[in-house]
Amino acid sequence: MSLPVVVLIGATATGKSRMAVQVARALQANGGRAEIVNADSMLVYRGMDIGTAKPSEAEQEGIAHHLIDIFDVTQKASVADFQKLARSAIAEIQARGAIPIVVGGSALYTRAIVDHFEFPGSDQQVRSRWEAELERVGAPALHARLMEVAPASAAKIDPANGRRTVRAFEVMELTGGHAPDLPQWSYRLDNVYQFGLVEDRAVLDARINERVEGMWREGLVEEVQQLLTSGLRDGVTAIRAIGYRQVVDFLDGECSEAEAKERSKKATRRFFRKQLGWYRRDPRITWLDASSAENVERILASIDWPPETRGNQG
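None of the values given here were measured: they were computed from a predicted structure.

1. Here we look at the overall build of the chain
Assigned secondary structure in the chain consists of 14 helices and 6 strands. Here the C-alpha atoms of the chain give a radius of gyration of 20 Å, agreeing with the 20 Å that 2.2 N^0.38 yields for 314 residues. The buried share of the chain, taken over its 314 residues, is 47%. The long-range fraction of contacts in the chain, counting pairs at least 24 apart against all pairs at least 6 apart in sequence, stands at 76%.

2. Thoughts on the nonpolar core
The tendency in soluble globular proteins is for nonpolar side chains to be buried side by side. With 53 residues, the main nonpolar core has Y45, M48 and I113 as its most contacted residues. Looking at this core, the elements that each hand over two or more residues are β1 (5-10), α3 (79-95), α4 (107-114), α9 (201-218), α10 (220-229), α11 (244-251) and α12 (257-280). Ranked by residue count, the leading element in this core is α3, at 6 residues. Not counting residues within four places of it along the chain, the set of residues in contact with Y45 comprises K54, D69, F71, D72, V73, Q75, K76, A77, T237 and A238. M19, A26, I36 and A290 belong to the second-largest nonpolar core, a separate cluster that totals 26 residues.

3. Overview of the sheet that holds β1
Within a beta sheet, neighbouring strands are joined by backbone hydrogen bonds and run either parallel or antiparallel to one another. The strand order across the open sheet formed by 6 strands is β3-β2-β4-β1-β5-β6, and the pairing between neighbours is parallel. Whereas interior strands pair on both sides, the edge strands pair on one side only; in this sheet they are β3 (65-66) and β6 (285-289). Both β1 and strand β4 (residues 99-103) contribute to a ladder of 3 bridges, which runs parallel. Across the sheet, L8 pairs through a bridge with V103, a residue of β4. In the packing of α3 onto the sheet, contacts are made with β1, β2 (34-38), β3 and β4, and the angle to β2 comes to roughly 180 degrees.

What counts, and at which threshold
- Residues numbered from 1 in each chain as written.
- Predicted model: local features only at pLDDT ≥ 70, side-chain atom pairs only at ≥ 80, totals over all residues.
- Heavy atoms only, no water.
- Helix = DSSP H or I, 4+ residues; strand = E, 2+ residues; numbered from the N terminus.
- Rg over C-alpha atoms; globule rule 2.2 N^0.38 Å.
- Buried < 20%, exposed > 50% of the residue type's maximum accessible area, 1.4 Å probe, protein only.
- Contact = heavy atoms within 4.5 Å.
- Core = buried A, V, L, I, M, F, W, Y, C linked by side-chain atoms within 4.5 Å.
- Pairing = 2+ DSSP bridges.
- Axes fitted to C-alpha atoms, helices over the stretch in contact; angles between N-to-C directions.

That is the geometry; function is a separate question.
This is the structure in structure tokens:
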């Protein structure tokens, strides 16, 4: 039996990053070893610390963390690239006799890591042509065109999300079609255990409001200003991060600072509810009350440990 892969997911502000460290420390206390693999698409960017609630060195408590601070903000981080990096990190951790704890993120990223999940190829010339068309007609008009030729796919894409619409046209041109739905739940990796942290929505809303206010107090605006000098506007992915996009709009004079805060709060709530909806469809996830003090013990007790490690987990 291979070493387990523990996946810990949850909405923003449920404490999943802290929980991952606690599980790793508990494993150490029982004679095992664990390392954490980030599955949040924005923690990969250097300098994006405050707005992503990136765990500090102190918060990591000496537990090795992978796929954090590996890209400049000008670089594009695709799901396909992330899949390769995460699977490689997981294999290397297991080869060292340690247990990977994957902490996400979004359903797309965690599923891409652990499930049978293939990505269509890409062609820069084709992509550039559709990006030029997006620039010419705008996201709503291009989405309307997609609705005409591939309504099932268009129905799954926000009309304002020009990037996803462009990708749909690119895939259609390269493959002759576009699958609007994610693949069925089928693990690509062995011995995977997924746990989700849930919290009352009113409590989460309050935490999100406080988190956004705290980020402003800690210097989010100044962080974005610094990132702009490092080429944030030139990035395809980083500038789309919740909080950062809203601060850029504020700095550009498109909204007031108070409006930027409220937009950040609203966008965060919308994101976590959408992601929770995706995760709730996955019957393989064991759901845990985020406020329970017994979650570490429940996680460890739920895993079928290999014979050589099982005695340490009793």
